[in-house]
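# Architecture at a glance
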Amino acid sequence: MPMTTRRATDADAAEMAALLNEIIEIGGTTAYTEAVTAEYLLSRMAVETEQSSWTVAVAPDGRIMGFQSIEPHPDLPDDSADIGSFVRVGARGQGVGSALFAASCENARALGYAKLVAVIRADNASGLAYYSGRGFQDYDVLKDEALANGMIVDRICKRFDLSEKSS
């Protein structure tokens, strides 16, 4: 499916929240355990500074097929950004993640980052495969992490060196 990517705008927040909430409702692939609102995403996007970026992948019919964020994180070195990825249910394997990752790598390099870090639930096989397929390397395991609903999971930390060619 031909896809374009662009910077997310405030007008995208409701559709992004609906996309994410469907993923949350299914469960098992995100650390989010409770529905999010457009206002919540707007508050996250509002702290977008010269150090972060939110990107959407848009289908020819205008629907948002996925989104990706890159942001600083207090547990990461200054040269590393946290990356989060969400693809519309039923749209895996259609190039959404690849389009988003190419744009996010370009944005991260422009923002001066040297590395991207993803922290993925150990039981999220599709997420682990997505990041591994982009060239992310495992570097740590966070054992027995509590999610907001009390569920305990291990989380795999993966790192991508932005000097590498993006997928």
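Residues numbered from 1 in each chain as written. Predicted model: local features only at pLDDT ≥ 70, side-chain atom pairs only at ≥ 80, totals over all residues. Heavy atoms only, no water.

Moving on to the confidence of the model for the protein. Averaged over every residue, the pLDDT of the protein is 89; the share at 70 or more is 96%. Taking the mean pLDDT of every element in the protein, the minimum, 89, falls on helix α2 (residues 38–46) and the maximum, 95, on strand β2 (residues 53–58). (pLDDT = per-residue confidence, 0-100. Helix = DSSP H or I, 4+ residues; strand = E, 2+ residues; numbered from the N terminus.)

Next up on the list: helix α4 (residues 125–133). Those residues of α4 not exposed but buried are Gly127, Leu128, Tyr130 and Tyr131. Along the axis of α4, the buried positions cluster into a sector of 160°, meaning they face one direction only. Of the exposed residues in α4, the ones pointing more than 90 degrees away from its buried face are Ala125 and Gly133. Where α4 is buried, its residues meet β3 (64–71), β4 (80–87), α3 (96–110), β5 (115–121) and β7 (152–161). (Buried < 20%, exposed > 50% of the residue type's maximum accessible area, 1.4 Å probe, protein only. Arc of directions from axis to C-beta. Contact = heavy atoms within 4.5 Å.)

Turning to the sheet that holds β7, a few remarks are in order. One open sheet accounts for 7 strands, arranged β1-β2-β3-β4-β5-β7-β6; its pairing is mixed. Of all the strands in the sheet, the pair left with one neighbour each is β1 (4–7) and β6 (137–146). Adjacent strand axes in the sheet meet at a mean angle of 25°, parallel and antiparallel pairs treated alike. In this sheet, β3 lies alongside β2 in antiparallel orientation, the contact comprising 6 bridges. Residue pairing for β3: valine 56 is matched across the bridge by phenylalanine 67. On top of the sheet, helix α1 (residues 13–26) reaches β2, β3 and β4; it is set at about 95° to β3, its chief contact. (Pairing = 2+ DSSP bridges. Axes fitted to C-alpha atoms, helices over the stretch in contact; angles between N-to-C directions.)

Attention now moves to α3. Compared with an ideal rise of 1.5 Å per residue, which puts 15 residues at 21 Å, α3 spans 21 Å between its outermost C-alpha atoms and is within 8% of the ideal. Directly after α3, the chain includes glycine 112, whose backbone phi takes a positive value near 90°. (Expected span 1.5 Å × (residues − 1).)

Turning our eyes to something else, we now look at the packing of α1 against α2. Running from N to C, α1 and α2 point in directions that differ by 110°, and their axes come no closer than 8 Å. Between α1 and α2, the interaxial angle falls into the category roughly perpendicular. The handedness of the crossing between α1 and α2 is right-handed. Contacts between α1 and α2 pair Ala13, Ala14, Met16 and Ala17 from the former with Ala38, Leu41, Leu42 and Met45 from the latter. (Parallel < 35°, antiparallel > 145°, perpendicular 65-115°, else oblique. Left-handed = near helix turned anticlockwise from the far one by under 90°.)

The next subject is unusual backbone geometry. Its identity as a non-glycine residue notwithstanding, aspartate 144 has a phi of 55°, on the positive side. As for its position among the elements, aspartate 144 is in strand β6.

On to the packing of aromatic side chains, then. Counting across every chain of the model gives 9 aromatic pairs. Centre to centre, the rings of tyrosine 130 and tyrosine 131 are 4.9 Å apart; their planes meet at 75°, and the pair counts as edge-to-face. Centroid distance tyrosine 131 to phenylalanine 136: 4.9 Å. Interplanar angle 70°. Geometry classified as edge-to-face. Like phenylalanine 136, tyrosine 131 is buried. One aromatic cluster in this structure is built from Tyr32, Tyr40, Trp54, Phe67 and Phe86. Across the ring face of tyrosine 139, the terminal group of arginine 159 is positioned such that the distance to the ring centre comes to 3.9 Å. (Phe/Tyr/Trp six-rings, centres within 6.5 Å; stacked < 30°, edge-to-face > 60°. Lys NZ or Arg CZ within 6 Å of the ring centre and 35° of its normal.)

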